[in-house]
Amino acid sequence: MKEPRTRLTMQGVMKTYLSLRFGRMLSATEASSLAADAHDAGWEPQVRRSERFARTYALLSGTRDAATDSFVSEYAGAERFADPLLALSIEPDAADGLPSLTAALKGHGSPEGILTAETVEHELLIEFFPARTSWRLVRALIDVELGRYGSTVRRTTLLSPISPEMETQIAADGLQEPELNQSRVLEALMGDADR
């Protein structure tokens, strides 16, 4: 695993992120313990569990140089990533396009930031790093592949926690406003006010 990547926040504070992915759904007690252990180790934790896909995702952010990830070794099946990970489920109205979509997202020539793309029944589970591959590109690829099967409607569900930077990037992509930054996003401003 690479070292956690550090980014500058709106207030000029250096923030480090670490993503954790579990190939199982942690129990409520385990998720609570993980959050407490992360907090004790100097991180601000966010944990989301998906029963549907039997996965648990944690996004840890830290502003202290002393933040450590040694506690993670206590949790079986934890994979660590230096960038925030975005996990989504995509459920199209025409599921027959899913095999082609899955192949396009994880096959030869797929965007380099995609970690996983797999079909689970009538849904696509996709995990990728927005710092390496934008949601806009992933969404465009999804639209092109599903459009070939006449699928114009899809339900997208967020499975992982997201950082304020990811939230802003997704909003900028969706609104086609590349100049959009955290100083113009109400949720980011409100989140900073709580600290």
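Everything that follows concerns the structure shown earlier in this document.
What you are looking at is a predicted structure, and each value in this text was computed from that prediction instead of being measured.

**Considerations on the sheet that holds strand β8 (residues 123-128)**
- Ordered in space as β7-β8-β6-β9, the four strands form an open sheet in which the pairing is antiparallel. The open sheet terminates on both sides in strands that have one partner only, identified here as β7 (114-120) and β9 (154-158). Within the sheet, the average angular offset between the axes of one strand and its neighbour, ignoring direction, is 20°.
- Pairing geometry for β7 and β8, over six bridges, is antiparallel. Looking at β8, one finds that T119 is bridged to L124.
- Here helix α2 (residues 98-106) sits on the sheet and contacts β6 (86-92), β7 and β8; the angle it forms with β7, its principal contact strand, is near 165°.

**Comments concerning the pairing of strand β2 (residues 14-22)**
- Where burial is concerned, most of β2 is hidden: eight out of the nine residues are buried.
- The pairing of β2 with strand β4 (residues 55-62) spans seven bridges and is antiparallel. Paired with S19 across the bridge in β4 is L59.
- One ladder, built from four bridges, connects β2 with strand β5 (residues 78-81); its direction is antiparallel.

Quick notes on the rules
Residues numbered from 1 in each chain as written. Predicted model: local features only at pLDDT ≥ 70, side-chain atom pairs only at ≥ 80, totals over all residues. Heavy atoms only, no water. Pairing = 2+ DSSP bridges. Helix = DSSP H or I, 4+ residues; strand = E, 2+ residues; numbered from the N terminus. Axes fitted to C-alpha atoms, helices over the stretch in contact; angles between N-to-C directions. Contact = heavy atoms within 4.5 Å. Buried < 20%, exposed > 50% of the residue type's maximum accessible area, 1.4 Å probe, protein only.

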